[in-house]
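# Coordinate analysis (summary)
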Amino acid sequence: ESTTHEEICGTLVKSSKDFQSKYNLKTVYVFIADTIELAEKGKSLGIGSYAPDGNGNAMDNWTWELKTLNDGIPKNCLLKN
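Here we summarise the structure given alongside this text. Quick caveat: nothing in here was measured; it's all calculated off a predicted structure. Along each chain, the written sequence defines residue order, and numbers are assigned to residues from 1. In view of the model being predicted, local features appear only for residues whose pLDDT reaches at least 70, and side-chain atom pairs are presented and counted only at 80 or more, with totals across whole chains, interfaces and linings using the full set of residues. In computing side-chain values, all of the structure's heavy atoms are included and hydrogens and water are not.

Here we come to the nonpolar core. What we call a nonpolar core is a set of buried Ala, Val, Leu, Ile, Met, Phe, Trp, Tyr and Cys residues that are connected through their side-chain atoms within 4.5 Å. Only protein chains enter the accessibility calculation, which uses a 1.4 Å probe; a residue whose area is less than 20% of its type maximum is buried, one above 50% is exposed, and one in between is partly exposed. In terms of nonpolar packing, the biggest core is built from nine residues, these being I8, L12, V13, V28, V30, I32, Y50, W64 and L66. Looking at this core, the elements that each hand over two or more residues are α1 (5–23), β1 (28–32) and β3 (64–70). Helix numbers and strand numbers start at the N terminus; a helix is a DSSP run of H or I with at least 4 residues, a strand a run of E with at least 2.

Here is the structure:
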């Protein structure tokens, strides 16, 4: 069964918020892969960065940077929140 772009984005957002809440981090990075073997090779279904203060890294003004790889084409996630 294939995972959709929207499902991957949802998982990235939930995981990022969970980690930030649990560990009170300034920036969170999340990497989703099908298997550990693929993750070790750097092959992902999606990657996400979350900066809850809206400052991103070094004050470059972003809260979310999310990308998925669906059908071999990188796509950005559009967030409504």
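Here the expected length of a helix is defined as 1.5 Å per residue gap, with one fewer gap than residues. Spanning 19 residues, α1 covers 27 Å between terminal C-alpha atoms, matching the ideal 27 Å at 1.5 Å per step. The set of residues buried in α1 consists of H5, I8, C9, L12, V13, S16 and Q20. One face of α1 carries all of its buried residues, which in axial projection span an arc of 135°. Across α1 from its buried face, at more than 90 degrees, point the exposed residues E6, K14, S21 and K22. Following α1 by one or two positions, N24 adopts a phi angle in the positive range, close to 50°. Starting at the helix axis, one direction is taken to each C-beta atom, and the arc is that of these directions.

What counts as a salt bridge is simple: a side-chain nitrogen of Lys or Arg found within 4 Å of a carboxyl oxygen of Asp or Glu. Here the structure, examined in full by the defined rule, presents one salt bridge. A salt bridge links K14 to D18, with the shortest nitrogen-to-oxygen separation between them at 2.8 Å. Taken together, the residues K14 and D18, both in helix α1 and four residues apart, mark about one turn of the helix. Of the residues examined, K14 reaches a relative accessible area of 51% and is grouped as exposed. Take D18: its relative accessible area is 40%, and that puts it in the partly exposed class.

This part covers unusual backbone geometry. The backbone of N24 shows a phi angle near 50°, a positive value even though the residue is not glycine. Note that N24 resides in the loop between α1 and β1.

What follows covers the environment of K26. Here K26 lies in the loop between α1 and β1. Placed 31 residues apart in sequence, K26 and N57 show a C-alpha to C-alpha distance of 9.2 Å. With near-sequence residues (within four places) excluded, K26 lies in contact with Y50, A51 and P52. The contact rule is simple, with two residues in contact once any of their heavy atoms fall within 4.5 Å.

Here the focus is the packing of aromatic side chains. In this analysis, rings of Phe, Tyr and Trp, with Trp reduced to its six-membered ring, are considered paired at centre separations within 6.5 Å, and the interplanar angle assigns stacked below 30 degrees, edge-to-face beyond 60, and tilted for intermediate values. According to the stated counting rule, one finds two aromatic pairs in the structure shown. Taking the centre distance of 6.0 Å and the plane angle of 25° together, the rings of F19 and Y23 count as stacked. Taken together, the residues span about one helical turn, with F19 and Y23 both in helix α1 at a distance of four residues.

This part covers a nonpolar patch on the surface. Taken together, the side chains of F19, Y23 and L25 make up a nonpolar region of the molecular surface, amounting to roughly 300 Å² of accessible area. Of the residues examined, F19 reaches a relative accessible area of 44% and is grouped as partly exposed. Only residues above 30% relative accessible area that lack a salt bridge enter a patch, with like-charged residues linked at up to 9 Å and the nonpolar side chains Val, Leu, Ile, Met, Phe, Trp and Tyr linked at up to 5 Å. All accessible-area figures derive from a Shrake-Rupley calculation using a 1.4 Å probe, and residue coverage is judged against the displayed protein chains alone.

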